[in-house]
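Results of the structural survey
What follows is each chain in one-letter form.
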Amino acid sequence: MASEIVLVRHGETEWSRDGRHTGRTDVPLTDAGREQARALPAALEGWSFDRVLTSPLARAAETARLAGYGEAEPRNELREWDYGDYEGRRTADIREERPGWTLWLDGVPGGETAAEVAARVDRLLDQLRRVDGRVMVFAHGHLLRVLAVRWIGLGPEAGRLLALDTATVGVLGHERETPVIRVWNAPILAPKMPSPANPRAHRT
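Thresholds, definitions, all that
Residues numbered from 1 in each chain as written. Predicted model: local features only at pLDDT ≥ 70, side-chain atom pairs only at ≥ 80, totals over all residues. Heavy atoms only, no water. Axes fitted to C-alpha atoms, helices over the stretch in contact; angles between N-to-C directions. Helix = DSSP H or I, 4+ residues; strand = E, 2+ residues; numbered from the N terminus. Parallel < 35°, antiparallel > 145°, perpendicular 65-115°, else oblique. Left-handed = near helix turned anticlockwise from the far one by under 90°. Contact = heavy atoms within 4.5 Å. Salt bridge = Lys/Arg side-chain N within 4 Å of Asp/Glu carboxyl O. Buried < 20%, exposed > 50% of the residue type's maximum accessible area, 1.4 Å probe, protein only. Pairing = 2+ DSSP bridges. pLDDT = per-residue confidence, 0-100. Core = buried A, V, L, I, M, F, W, Y, C linked by side-chain atoms within 4.5 Å.

**So, the packing of helix H2 (residues 31-38) against helix H4 (residues 58-66)**
As a packed pair, H2 and H4 sit with axes 7 Å apart at the nearest point and diverge in direction by 45°. Relative to H4, the element H2 lies oblique. The way H2 lies across H4 gives a crossing that is right-handed. Two secondary-structure elements touch here, H2 through Arg34, Ala37 and Arg38 and H4 through Glu62, Thr63 and Leu66.

Written out as structure tokens, the structure reads:
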């Protein structure tokens, strides 16, 4: 089974900086986002990966490429939540029309439900749990929050409890046989992550 799954949220974009819901729109990284991506190898010095996956959307794929993982495998399961009619809008603006609205509990018109996002995440996790080694995943804020809570067996709505900034790293692993979240929301530009005890050679 996968010993660990390292999650990387892509670097900054204009929309993420401005708090706009960015689902399927292919917004590129800002200059700051590209700098964050290039800093990832130093943050993960000593780590190696048996498989590297990315969302096919440009902001995630570019983060992977600039971090030195241009061979990352695009997976549609890693696309961000489809926000439907709320694409490009800020929560504060939506709440002017729907007071108290939350993506996690109220959903979006014309987009995906939390259950639908969880279903595609679950299909991918079923495969990743069978990987013999360590996996790296480049993807998006809400998608990665759903992936993390599904890893530990919670419903997708529990993702609302996990804040996740751009250009951050998380690590999913095990305590004995129990799936756990070992690291969460660690900034790429912070001091480097501790080296794993048994780094593995990367296989392409």
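**Thoughts on the pattern of salt bridges**
This structure, assessed with the given rule, holds 13 salt bridges. For the salt bridge of Glu4 with Arg134, the shortest nitrogen-to-oxygen distance reads 2.8 Å. Separated by 130 residues along the polypeptide, Glu4 in strand E1 (residues 2-9) and Arg134 in strand E4 (residues 133-139) bring together distant segments of the chain. Side by side, Glu4 and Arg134 carry an identical accessibility label, which is buried. Between Arg34 and Asp31 there is a salt bridge, with its nearest N and O atoms 2.4 Å apart. Of this pair, Arg34 and Asp31 both sit in helix H2, 3 residues apart, roughly one helical turn. Classification of Arg34 by relative accessible area gives partly exposed; the value is 22%. One salt-bridge network, held together by shared partners, links Arg51, Glu73, Arg75 and Glu77.

**Thoughts on the sheet that holds E4**
If you walk across this open sheet you meet the 6 strands as E3-E2-E4-E1-E5-E6, and the pairing is mixed. Of all strands in the sheet, those with a lone pairing partner are strand E3 (73-74) and strand E6 (178-187), marking the two edges. As paired elements, E1 and strand E5 (residues 168-175) share 4 bridges and run antiparallel to each other. Paired with Val8 across the strands is Val169, a residue of E5.

**Quick notes on the confidence of the model for the protein**
Chain-level pLDDT for the protein is 93 on average; 95% of the residues reach the 70-or-more range. The low-confidence segment residues 199-204, where pLDDT is below 50, has 20 contacts with residues more than four positions distant or belonging to other chains.

**Some details on the nonpolar core**
The biggest cluster of nonpolar side chains holds 35 residues, and the ones touching the most others in it are Ile5, Leu78, Trp81, Leu128 and Val137. Of all the elements in the fold, those that place two or more residues in this core are E1, helix H6 (103-106), helix H7 (114-128), E4 and helix H8 (141-151). Look past the residues within four positions of Leu78 in its chain and what remains in contact with it is Leu53, Thr54, Ser55, Arg120, Leu124, Val137, Phe138, Ala139, His140, Leu143 and Leu147. Among the nonpolar cores identified, the runner-up in size contains 21 residues, and Ala67, Tyr69, Met136 and Phe138 belong to it.

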